[in-house]
Amino acid sequence: MASSSPFQPLPQGQVSVLELFFPGLSRISPVIQRYTGINLDAVVPLVCLCGFLVFLYKRGYQDISNWVQKSFSSTVHVSCNSEVHEMVLAWVSNQPFAKDSRSFLVNIDLKKGYGPGANGSVKKPLQYAPWNGELRFWYKNYPLVYRRMEKKGDLFRDREEVSISCLGWSSRILKDLLEECRQRYLDDLQGQTLIFEVRSGRWEQSKARCIRQISTVLHEDKEKEALLSDISSFLDPDTREWYTKRGIPYRRGYLLYGPPGTGKSSLSLSIAGHFDLDIYILNLASVDDRTLNMLFAQLPQHCVILLEDVDVASQSRSQDKETEHPNPMSSLSEKQGKEVTLSGLLNALDGVGSQEGRVLIMTTNYIERLDDALIRPGRVDWKIQFRLADKDIICQLFRIVFKGSDGNDNEAVERHAKNFASRVPESEFSPAEVLSLLLENRQSPGSAVARVEAWIAKVRKERGNKLKREGSWVHTA
Ligand SMILES: Nc1ncnc2c1ncn2[C@@H]1O[C@H](COP(=O)(O)OP(=O)(O)OP(=O)(O)O)[C@@H](O)[C@H]1O
């Protein structure tokens, strides 16, 4: 009796072509043919053949284009860890061809938003740059290709590969383009100081700040001028030769010390701005010896490196001395790998890997805790003390806040300034504290004067409470 099932077994020994590609499909192909009229036995191999031809064509095209690229073009690769990367990205983001990209990487534009002319209106402006693709564009009548690809790596920034190629063996046009990127980048940064901070164990550009004029940081004029002239003479190109001839390491170090809020960081920032240098800020509490060494080796030739709270390193040493480790140097190595040790810091400061030509500024609130080795001449060439506000500084802060602002008559401001300064006791409050009161009342110099006594009482009370809290905490601990 003939079977009524639509699934026909294949004649023995005969293997369908369809079965080769899709095992099992040949059993249902008669059903599909009956209902649709399509013979899969003929169609599927044809489709597979077409697919194979397309694959061959694509591979061939890729190989040929790779070969053409290698043999007849020049390429510049941009390291993602260098500032050139920022320069190229900033340039590309502003080009019309970049707008055609369908894949973007978005970031906060660190150089826009609070710069001059930005009116402070754009908070965290976004910067779009093409990502993971290839863009063709014309530059000075030359066809160029910009590539930015994702690459496998541990960190996000390692995973980028940026390059620009041009036809021909001469790379002149690429160098022209990079020079333009550099110029535009520097033009954008005019009047700003670039700040680098440590992220994931390496320097990263964190923000750009408007240059702070040295005159706005209040400190004894003579000392400030002498400091500026010392740095200026150090940065003079002839000085480097002078140092090299005599075999003296070409470095200069300064220590700014004094109570919190007296202007140490502000002065460092304005020194960087004054000499048009980038500033690299590092808090020692956030790194270990190995990272510190690496960070010092990565510094550019001319820059300001600001080490904040250097007492952290010396402190760990004295703590160890007091406890179970009597040997001064070995005590520090016990902590190696976890935090910066004094020997680690000294190595970084004058080790072979440390960059020459940098201006080192260290700050501390506790000079008495610093080890002699750290502040010996050669490491620290100049110590500058910052003090709590005296009458003169209080008066000057008052003038900075109120002089020249709308509705304020300068003579009246001067009278108010003297009156204000006579009510604030000298050497009790930091300039930062006084400034905070003035800013709270920045609409009216009169009310700053009227509220000063209440403010003094409040600050004293807060300090008393803090002391009590710390005292009771120590007691119960
Ligand atoms: N001498 C000063 N002249 C002008 N402004 C000052 C001065 N001292 C402090 N200020 C103001 O007080 C604020 C804090 O100052 P800054 O951070 O420079 O102090 P600091 O000494 O570095 O403090 P810390 O030791 O806590 O790091 C800033 O806004 C700064 O403008």
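Scroll up to find the structure.
Reference entry: report on the structure contained in this document. Since we're looking at a predicted model, the values are computed, not measured. (Residues numbered from 1 in each chain as written. Predicted model: local features only at pLDDT ≥ 70, side-chain atom pairs only at ≥ 80, totals over all residues. Heavy atoms only, no water.)

Let us look at the packing of aromatic side chains. Inspection of every chain in the model, using the stated rule, returns 15 aromatic pairs. Taken together, a centroid distance of 5.6 Å and an interplanar angle of 70° make the contact between Trp 242 and Tyr 243 edge-to-face. On the basis of relative accessible area, Tyr 243 is assigned to the buried category, the value being 11%. Measuring from centroid to centroid gives 5.3 Å for Tyr 243 and Tyr 250, while their planes differ by 65°, and the two rings are edge-to-face. Classification of Tyr 250 as buried rests on a relative accessible area of 1%. By way of ring pairs, the aromatic residues Trp 91, Phe 97, Phe 137 and Tyr 139 are connected into one cluster. The side chain of Arg 369 reaches across the aromatic face of Tyr 366, ending 3.8 Å from its centre. (Phe/Tyr/Trp six-rings, centres within 6.5 Å; stacked < 30°, edge-to-face > 60°. Buried < 20%, exposed > 50% of the residue type's maximum accessible area, 1.4 Å probe, protein only. Lys NZ or Arg CZ within 6 Å of the ring centre and 35° of its normal.)

A full pass over the atoms with the stated rule returns zero disulfides. No disulfide involves Cys 48; its nearest neighbouring cysteine sulfur is the one of Cys 50, lying 9.3 Å away. Left unpaired, Cys 80 is separated from the closest cysteine sulfur, that of Cys 181, by 14 Å. (Disulfide = S-S within 2.5 Å.)

Now for the pattern of salt bridges. Counted by the stated rule, this structure contains 16 salt bridges. Close ionic contact of Glu 241 with Lys 245 constitutes a salt bridge, the shortest N to O distance being 3.8 Å. Of this pair, Glu 241 and Lys 245 both sit in helix α7 (residues 237-245), four residues apart, which is roughly one turn of the helix. Measuring nitrogen to oxygen at the nearest pair gives 3.7 Å for the salt bridge that ties Glu 414 to Lys 418. Residue Glu 414 and its partner Lys 418 are located together in helix α14 (residues 410-423), separated by four residues, close to a single helical turn. Residues participating in the shared-partner salt-bridge network are Arg 399, Lys 403, Glu 414 and Lys 418. (Salt bridge = Lys/Arg side-chain N within 4 Å of Asp/Glu carboxyl O. Helix = DSSP H or I, 4+ residues; strand = E, 2+ residues; numbered from the N terminus.)

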